[in-house]
Protein chains: 2
Amino acid sequence: MALKQQQPLDPAYLEKLQDYYAEHKVIPSYSVLASLWGISAKSWVSECVRRFEEAGYLDWTPDRQLKPGARFFERRLAHDTVQAGLPNPALADGYDLVTIDDYLVRVPSKTSLVRVKGDSMIDAGIHEGDLIVVEQQPNANVGDIVVAIVDNEFTVKYLDREKGAFVLKPANKAFPVIRPKGRLEIFGVMAGLVRRTR
Amino acid sequence: MALKQQQPLDPAYLEKLQDYYAEHKVIPSYSVLASLWGISAKSWVSECVRRFEEAGYLDWTPDRQLKPGARFFERRLAHDTVQAGLPNPALADGYDLVTIDDYLVRVPSKTSLVRVKGDSMIDAGIHEGDLIVVEQQPNANVGDIVVAIVDNEFTVKYLDREKGAFVLKPANKAFPVIRPKGRLEIFGVMAGLVRRTR
DNA sequence: TTGACACCAGAACGATCGTTCTGTAGCTTA
DNA sequence: TAAGCTACAGAACGATCGTTCTGGTGTCAA
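I will try to describe carefully the structure that is included in this document. (Residues numbered from 1 in each chain as written. Chains lettered and ligands numbered in written order. Predicted model: local features only at pLDDT ≥ 70, side-chain atom pairs only at ≥ 80, totals over all residues. Heavy atoms only, no water.)

1. Quick notes on the nonpolar core
Then step 1. A:Ile27, A:Trp37, A:Leu58, A:Phe72, B:Ile27, B:Trp37 and B:Leu58 are the most contacted members of the largest nonpolar core, which totals 38 residues.
Then step 2. If you list the elements that add at least two residues to this core, you get helix H1 (11-24), helix H2 (30-37) and helix H3 (42-54) of chain A together with helix H1 (11-24), helix H2 (30-37), helix H3 (42-54) and strand S1 (58-60) of chain B.
Then step 3. Excluding anything up to four places from it in sequence, A:Phe72 contacts A:Leu14, A:Leu17, A:Gln18, A:Tyr21, A:Ile27, A:Gly56, A:Tyr57 and A:Leu58. (Core = buried A, V, L, I, M, F, W, Y, C linked by side-chain atoms within 4.5 Å. Buried < 20%, exposed > 50% of the residue type's maximum accessible area, 1.4 Å probe, protein only. Helix = DSSP H or I, 4+ residues; strand = E, 2+ residues; numbered from the N terminus. Contact = heavy atoms within 4.5 Å.)

2. Considerations on the pairing of strand S5 (residues 145-150) of chain A
Residue and element names in this part refer to chain A.
Then step 1. In terms of burial, S5 is largely enclosed, as 5 of its 6 residues are buried.
Then step 2. Bridge analysis of S5 against strand S6 (residues 153-162) gives 6 bridges, and the strand direction is antiparallel. Across the sheet, the residue bridging to Ala 148 is Thr 155, located in S6.
Then step 3. Following S5, the chain reverses through 2 residues before pairing antiparallel with S6; Asp 151 in that reversal takes a positive phi of roughly 55°.
Then step 4. Pairing between S5 and strand S8 (residues 185-196): 4 bridges, direction antiparallel. (Pairing = 2+ DSSP bridges.)

3. A few points about the pattern of salt bridges
All names here are of chain A.
Then step 1. Counted under the stated rule, the structure contains 19 salt bridges over all chains.
Then step 2. In this structure, the salt-bridge partner of Glu 47 is Arg 50, at a minimum N-O distance of 2.9 Å. Of this pair, Glu 47 and Arg 50 both sit in helix H3, 3 residues apart, which is roughly one turn of the helix.
Then step 3. Judged by relative accessible area, Arg 50 falls into the partly exposed class, the value being 33%.
Then step 4. Here Glu 54 ties to Arg 50 by a salt bridge, and the two come within 3.3 Å at their closest N and O atoms. Taken together, the residues Glu 54 and Arg 50, both in helix H3 and 4 residues apart, mark about one turn of the helix.
Then step 5. The class for Glu 54 is exposed, based on a relative accessible area of 57%.
Then step 6. Through salt bridges with shared partners, a single network forms among Glu 47, Arg 50, Arg 51 and Glu 54. (Salt bridge = Lys/Arg side-chain N within 4 Å of Asp/Glu carboxyl O.)

Function-wise, these values are silent; they only describe arrangement.
The following block contains the structure:
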């Protein structure tokens, strides 16, 4: 009995495509794919693409352009458990395929970075000099860490509510709660944090 | 005198393209770009692409396919002082541009990511679930935060010395100092930290 | 030995691609 | 007020796209 009626494609095909994508950040055309894979028939490329699509590695834009699928960037970071011997995560898995950028940024046009000044949020693990990844939006929920504009300067604080008015709470007992007069100007909500230590 | 002879394109064009790319991970065709930008002439799309290419935001593959350029993934870094009025970061200058990856990664081939488990480094602002950017190297200096391999697991600790032997010190009094028997296996040195909070 | 199937080559074909050309409305400068 | 430039629109055109069809291997089970 032939149980497997259609084995998965040569994994090398996917790897070559991932390498190409890592270099150029785009999916090539069928004819380029053909030479990339060492195939000389576009019909077969078409079939391979169909199967990668079925497996979730490729997908289509609404405009019927080929694009990476959900599983295309499947990666693992360095594993938390280490196999015998000194592991080489760079070779063991394709951790490099996803950029840190993608990890932190969902909407590039609404995202910017703000450098942290002072220790007022130290208990939230936010240090002086860290970069806060901010999603710009004019409002936020209580409990969010927000970047607000107070006295023409950016300030990073917890958003909270006191007697019906919004207040900004530091994560450091040595700093006072900020109770803005009038409207509280919110620049955006913290979506992430980046720290360089060397 | 006409000093500016060709002003930069509407920044909204680039933002829309970046958002499209963030969603689909490909650069669309000219006709899709036209509808994305609200333009109905491919000739003008072609000209805009030419200028983005000139500015380093777009580029071409060897096969003459459009791809993101070197500056495509730059992020805005908002300055700590805000100019009068509600700032519009997209238009105001006073924004440096950096890519998060470049900011954190100096040697891609020697850099990997390790996810933090537990609270043993909480006093150093390192929380559970954070990603540590690690520069792989077999040795380190006292005072460095290192990623070591203990009992076949990654662990993040301060490197210190006690009676001539290297020890690993947590940044949390609830955790004990680790005194490895025999050789201490260092995976690398912490070069940065990445945290996603939403 | 004969299907049956997987894997691939090659060519045909309409659709879509990006380039290029002409034209025009609005603004600026001399 | 004429000239010049920018920012588009629209159409024409050859090149390239991806689809589809026919056909040829090689392998393996019946």
